[in-house]
Amino acid sequence: MIVLDAVTKRFPGTPDPAVDSLSLTIHEGEIVVLVGPSGCGKTTTLKMINRLVEPSDGTITVAGRNILDVPSHELRRGIGYVIQQIGLFPHRTIAANIATVPTLLGWSAQVIDDRVEELAELVDLDPSMLRRYPSELSGGQRQRVGVARALAADPPVLLMDEPFGAVDPIVRARLQEELLVLQATLHKTIVLVTHDIDEAILLGDRVAILNIGGHLEQYDEPAEILRDPSNRFVADFLGSDRGIKRLSLISISDIDLDRGPVVGPEASTEEAVTVMNGYSVDWAAIVDGDQLIGWFSTEDLNGVGSVADLEPRAFVTTLDITDSLKEALDSVVSTHTSVAAVLDGDRYLGMVTTDTISEEIVQ
Amino acid sequence: MRSFAQASSTGFRWDWVGNNLDDIWDRTLEHMLLTLIAIGAGLVISLALSLVSLRWRPLYQPVTWVTGVMYTIPSLALFAFLVPITGLTITTAEIGLISYTLLILIRNIVTGIDEVPQDVIESAVGMGYTRRRRFIEIELPLALPVIVTGIRLATVTVIGLVTVTSLIGLGGLGFFILRGLQNFSSPIGTTQIIVGTALSIVLAVVVDLSLAGVERLLTPWKRRKVGV
Ligand SMILES: Nc1ncnc2c1ncn2[C@@H]1O[C@H](COP(=O)(O)OP(=O)(O)OP(=O)(O)O)[C@@H](O)[C@H]1O
Ligand SMILES: [Mg+2]
């Protein structure tokens, strides 16, 4: 756990403090994202935690210890640090770069070698890269090395300052995904700085929205911030599409599903028409027990006595119960019927419609 | 054999070279030794002054100013000034030679360290390097190309200057140049001047290229830039 208590930083020669009496508690095993406009003090706050910037006032404790009670280099060896420019050592091989902190800690060569290989695998880096120099890697690979290097001595705390800021959006998305996968097994306490609100929402267990001077405007889980921004500044920072952003945080399993216009495989034409009229649609799905068979439209009923006689059409896309409402929205708007069927494995659960989703947005 | 005869006829005395091989070899060694001492000591002093300048930045200006003045004093004047104090000794010679290396070496060391990328420094500090270890393991190796450039420049300068120390009885290959000047109108005099000058130049070129080779060996990360 990291606790900032009324922490202030005044840089010499500047009238206003860069960070003014900021208090923040970061729980163990959580990813906390500091987000806010440029110059609001995110980097300064982060750097105070590993004493790259010395606080002018207030106290910071990491795992119950005041950071000023530990020699700064020892403190830093216990805190992983990743920066946007990565800062790999150009004169050292990738293996030696990853081994930086273990080497500083005096681990034996054999232990270090094993650890480096383990880390390369962990961050999905081809072992053949280990003998190369940083200039011989792509941006995305270098960023992986930066993360591996920060994790090398297995520090409980990780500080990351715009770690994915320098890579293109496709690589960024992949690295973000990989970080979440890593975190699911490592459970580090991570403080991550970004100015990208989408990144904050995606990665943060909790998001701290900072204003100029390090003023904490809101500190909560992303879904909660999106649902109920505490003031105008936060709402503006989230953007006018915050309702849609929130959809990515809600899983389909969180909402009640309507069963939808559904008939059994043996239903008669009349029954089918009744169901369709009940939903005011010109189609219905065929469900046998909990198995989704397919669907048909009013035209398909012409000249057939019952549903059993027609050739069911296949659903082009279906949703899984674990998908988010954002994925649901994507599916729904791309079908002409404006609905998508939800499955749990191959068990039919119900339908998501634009109405279901807009109800969630309005909430 | 024809060119041999031709050279002899235009005044170059190969027979003198043949008769004085031992002497030429000894003077070449002396030349190298005087250079080596000057560069070695110059490097130690420069490193110390650079460290001080890097640590207490305001000192950098005065340091470059003083070493800059030393660099511009004509070597003859410097020896004339030193001989009454330290005599016709190797000490006198080395004080002169060393004083010409300082400006070049200090500038290159400080510039080299300054040019180490800021993000590299930040990540080194952030991962828990102490100041001393960071300097030795990170900053110095990365500054090496610039520092070696300074050493090459200083070495070539010193190899040229060593000849002047012939005036105080040393001089390495400059000894032959001085002798040659004293026998100026004779064929032997010409030969001595040519031998002294040519070998001094060859020495400078060989040492410069060797140092370039050493730099390549010490900076393997600069060699392969495959790009991915
Ligand atoms: N070393 C310094 N000396 C003086 N002022 C500084 C220093 N470092 C930062 N500042 C100032 O402190 C304020 C906060 O800077 P900081 O780098 O923490 O912002 P940030 O939120 O990380 O911004 P960005 O998103 O642009 O990286 C800025 O006004 C900046 O100019
Ligand atoms: Mg910043």
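Everything quoted here is computed from the prediction, not taken from an experiment.

Student: Lay out the site of ligand 1 in plain terms, naming residues and giving numbers.
Tutor: All names here are of chain A. Close contacts around ligand 1 come from Phe 11, Ala 18, Ser 38, Gly 39, Cys 40, Gly 41, Lys 42, Thr 43, Thr 44 and Glu 162, and that covers them all. Note that an oxygen atom of ligand 1 is positioned 2.5 Å from one of the side-chain N or O atoms of Ser 38. In this structure, Cys 40 approaches ligand 1 through a main-chain N or O atom, which is 3.2 Å from an oxygen atom. For ligand 1, the protein covers 57% of the area, taking 630 Å² as the surface of the free molecule.

Student: Mind laying out helix 10 (residues 187-218) of chain B, listing which residues take part and the relevant values?
Tutor: Residues and elements named next belong to chain B. With 32 residues, helix 10 extends 46 Å between its outermost C-alpha atoms, agreeing within 8% with the 46 Å of an ideal straight helix rising 1.5 Å per residue. When helix 10 is considered as a whole, its buried residues turn out to be Gly 189, Thr 191, Gln 192, Ile 193, Val 195, Gly 196, Ser 200, Leu 203, Ala 204 and Glu 215. At its buried positions, helix 10 is contacted by helix 2 (14-19), helix 3 (21-55), helix 8 (131-162) and helix 9 (174-182).

Student: Help me get a handle on the packing of aromatic side chains, residues and values and all.
Tutor: Using the criterion set out here, one finds 6 aromatic pairs over all chains in the structure. With centroids separated by 6.2 Å and ring planes inclined at 15°, the aromatic side chains of Phe 233 of chain A and Phe 237 of chain A adopt a geometry described as stacked. Note that Phe 233 of chain A and Phe 237 of chain A are positioned in helix 10 (residues 232-238) at a spacing of 4 residues, about one turn of the helix. Owing to a relative accessible area of 24%, Phe 233 of chain A belongs among the partly exposed residues under this scheme. Geometrically, the ring pair formed by Phe 175 of chain B and Phe 176 of chain B is edge-to-face, given 5.5 Å between the ring centres and 75° between the ring planes. Summarising the burial analysis for this pair, Phe 175 of chain B and Phe 176 of chain B share the class buried.

Student: Just give me the short version of the sheet that holds strand 4 (residues 57-62) of chain A, but keep the residues and values in it.
Tutor: Residues and elements named next belong to chain A. Strand order in the open sheet made by the 4 strands is 2-1-4-5, with antiparallel pairing throughout. Edge strands, defined here as strands with exactly one partner in the open sheet, are strand 2 (19-26) and strand 5 (65-66). Across 5 bridges, strand 1 (residues 2-9) lies against strand 2 in antiparallel orientation. Within strand 2, the residue paired with Val 3 across the bridge is Thr 25. The sheet contacts of helix 1 (residues 42-49) involve strand 1, strand 2 and strand 4, and relative to strand 1 the element is tilted by about 120°.

Student: Help me get a handle on the interface of chain B and chain A, residues and values and all.
Tutor: Between chain B and chain A, the residue contacts involve 22 residues of the former and 30 residues of the latter. With both sides pooled, the region where chain B packs onto chain A buries about 2300 Å², and carbon together with sulfur makes up 61% of that total. Salt-bridge contacts for Arg 92 of chain A lead to Glu 137 of chain B; the nearest nitrogen and oxygen are separated by 3.2 Å. Our count for the chain B to chain A interface comes out at 8 residue pairs in polar contact (both at pLDDT 80 or more). If you list the elements that add at least two residues to the side of chain B that touches chain A, you get helix 7 (118-126) and helix 8 of chain B. For the side of chain B that touches chain A, a count of residues per class yields 12 nonpolar, 4 polar and 6 charged.

Student: If you had to explain the environment of Ala 198 of chain B to someone new, which residues and values would you point to?
Tutor: Residue and element names in this part refer to chain B. Along the chain, the position of Ala 198 falls in helix 10. The exposure class of Ala 198 is partly exposed, given its relative accessible area of 36%. Measuring from C-alpha to C-alpha, the distance between Ala 198 and Val 125 comes to 50 Å, with 73 residues separating the pair along the chain.

Student: Could you give an account of the domain arrangement of chain A, with specific residues and numbers?
Tutor: Residue and element names in this part refer to chain A. Split by domain assignment, chain A resolves into domain 1 (2-247) and domain 2 (252-361). Inter-centroid distance (C-alpha atoms) of domain 1 to domain 2 is 44 Å. Across the boundary between the two partners, domain 1 contributes 4 residues, which contact 7 residues of domain 2. The junction of domain 1 with domain 2 conceals about 490 Å² of combined surface from both sides, 70% of it contributed by carbon and sulfur atoms. The largest share of the area that domain 1 buries against domain 2 comes from Ile 244, Arg 246 and Leu 247, three residues that together contribute 87% of it. There are 0 salt bridges connecting domain 1 and domain 2.

Basis of the calculations
Residues numbered from 1 in each chain as written. Chains lettered and ligands numbered in written order. Predicted model: local features only at pLDDT ≥ 70, side-chain atom pairs only at ≥ 80, totals over all residues. Heavy atoms only, no water. Near = heavy atom within 4 Å. Polar contact = N/O pair within 3.5 Å; in protein donor to acceptor, adjacent residues only side chain to side chain. Areas by Shrake-Rupley, 256 points an atom, 1.4 Å probe, with all protein chains shown as cover. Helix = DSSP H or I, 4+ residues; strand = E, 2+ residues; numbered from the N terminus. Expected span 1.5 Å × (residues − 1). Buried < 20%, exposed > 50% of the residue type's maximum accessible area, 1.4 Å probe, protein only. Contact = heavy atoms within 4.5 Å. Phe/Tyr/Trp six-rings, centres within 6.5 Å; stacked < 30°, edge-to-face > 60°. Pairing = 2+ DSSP bridges. Axes fitted to C-alpha atoms, helices over the stretch in contact; angles between N-to-C directions. Buried area = accessible area lost by both parts, 1.4 Å probe. Salt bridge = Lys/Arg side-chain N within 4 Å of Asp/Glu carboxyl O. Nonpolar A, V, L, I, M, F, W, Y, C, P; charged D, E, K, R; others polar. Domains from an automatic or database assignment.

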